[in-house]
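Each chain, letter by letter, is given below.
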Amino acid sequence: MDNLNIDATSSTPLVSFDGTMGNLLIKGYSTTEYPFEFYERLTEWVEDYGQGAKDATRIVVGLEYCNTASSKCLLNFLKKAIEVLDGKEIIITWEYDKEDEDALDTGKDFARLLKIPFEFEGI
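An account of the accompanying structure is given in this report. (Residues numbered from 1 in each chain as written. Predicted model: local features only at pLDDT ≥ 70, side-chain atom pairs only at ≥ 80, totals over all residues. Heavy atoms only, no water.)

**Things to note about the packing of helix H2 (residues 68-84) against helix H3 (residues 101-114)**
Interhelical geometry of H2 versus H3 gives an angle of 40° and a closest axis separation of 11 Å. The orientation of H2 relative to H3 falls into the category oblique. The hand of the H2/H3 crossing is right-handed. On the side of H2, the interface is formed by Ser71, Leu74, Leu75, Leu78, Lys79 and Ile82, while H3 contributes Phe110, Leu113 and Leu114. Looking at side-chain class alone, the contact of H2 with H3 contains seven nonpolar, one polar and one charged residues. (Axes fitted to C-alpha atoms, helices over the stretch in contact; angles between N-to-C directions. Helix = DSSP H or I, 4+ residues; strand = E, 2+ residues; numbered from the N terminus. Parallel < 35°, antiparallel > 145°, perpendicular 65-115°, else oblique. Left-handed = near helix turned anticlockwise from the far one by under 90°. Contact = heavy atoms within 4.5 Å. Nonpolar A, V, L, I, M, F, W, Y, C, P; charged D, E, K, R; others polar.)

Quick look at the structure:
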C-alpha cells in the first residue's frame, strides 16, 4: 500500500497517511475553493487502505481553521473511514488550540454525528 503525502499550502492541510503503520494525519488549514476534489483523494486512499487495513488505525485531525465546505468534506471522509474500517479499532484524535472553544465544540459535534468517541488534545 502506497502512503499518501500532500504538502500543506495556504488553503489545504498537510496530509500524511501511512498505511504500513495505520497512522493518518490531517493538519493545518482547510479553506480551499475546491474541497470536494481535495478530500476525494483522501477518501479514495482510505477506501483502498480499508482492504488491507491494520487492526488499529489512528486518525489525527489538527486543523487550525476549516471553512464550512471543507468541514462537510472532512466529515464525509471520516464517515467513509469508519465505514471501510468496520470491525477494526479506530482512534480519532482531535487536536485543537486549547484557547479555541469553537474548535473543541466542532470536534465534539463531529464525534456526536459519527457516533464514535474522539480523543481531544488541547495544544
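**Notes on the sheet that holds strand S6 (residues 118-122)**
Taken in spatial order, the six strands of this open sheet run S1-S2-S3-S4-S5-S6, and their pairing is mixed. Both outer strands of the open sheet, strand S1 (4-6) and S6, are each paired with one neighbouring strand and no more. Strand-to-strand twist of the sheet, defined as the mean angle between neighbouring strand axes without regard to direction, takes the value 15°. Running at roughly 165° to S1, helix H1 (residues 35-50) makes contact with S1, strand S2 (14-18), strand S3 (23-30) and strand S4 (56-66) of the sheet. Across the sheet, H3 touches strand S5 (89-96) and S6, and the angle it forms with S6 is around 175°. (Pairing = 2+ DSSP bridges.)

**Structural notes on the packing of aromatic side chains**
Any two aromatic rings considered together are summarised by their centre-to-centre distance and by the angle between their planes. Counted by the stated rule, this structure contains seven aromatic pairs. Taken together, a centroid distance of 5.8 Å and an interplanar angle of 20° make the contact between Phe17 and Phe77 stacked. Here the residue Phe17 occupies a position in strand S2, and Phe77 occupies one in helix H2, the gap between them amounting to 60 residues. Phe77 shares its class with Phe17; the two are buried. Pairing Phe38 with Tyr39 gives two aromatic rings, centres 5.2 Å apart and planes at 80°, and the pair type is edge-to-face. Like Phe38, the residue Tyr39 is buried in the burial classification. Joined through ring pairs, the aromatic side chains of Phe17, Trp45, Tyr49 and Phe77 make up one cluster. (Phe/Tyr/Trp six-rings, centres within 6.5 Å; stacked < 30°, edge-to-face > 60°. Buried < 20%, exposed > 50% of the residue type's maximum accessible area, 1.4 Å probe, protein only.)

**Observations concerning the pattern of salt bridges**
As a working rule, side chains carrying opposite charge can pair if their charged atoms are close by. Evaluated as defined, the whole model comprises six salt bridges. For the salt bridge of Lys80 with Glu47, the shortest nitrogen-to-oxygen distance reads 3.6 Å. Here Lys80 is found in helix H2, whereas its partner Glu47 is found in helix H1, with 33 residues between them in sequence. Assessed through its relative accessible area of 31%, Glu47 is described here as partly exposed. The residue Lys80 makes a salt bridge to Glu83 at a minimum N-O spacing of 3.1 Å. In this pair, Lys80 and Glu83 both sit in helix H2, three residues apart, roughly one turn of the helix. On the accessibility criterion, Glu83 (52% relative accessible area) is exposed. (Salt bridge = Lys/Arg side-chain N within 4 Å of Asp/Glu carboxyl O.)

**Let's talk about the pairing of S3**
The side chains of a regular strand alternate, first on one face of the sheet and then on the other. Pairing geometry for S2 and S3, over five bridges, is antiparallel. The partner of Asp18 across the bridge, within S3, is Asn23. The antiparallel hairpin formed by S2 and S3 contains four residues in its connecting segment, where Gly22 sits at a positive phi of about 75°. As paired elements, S3 and S4 share eight bridges and run parallel to each other. Opposite Leu24, over in S4, you have Ile59 as the bridge partner.

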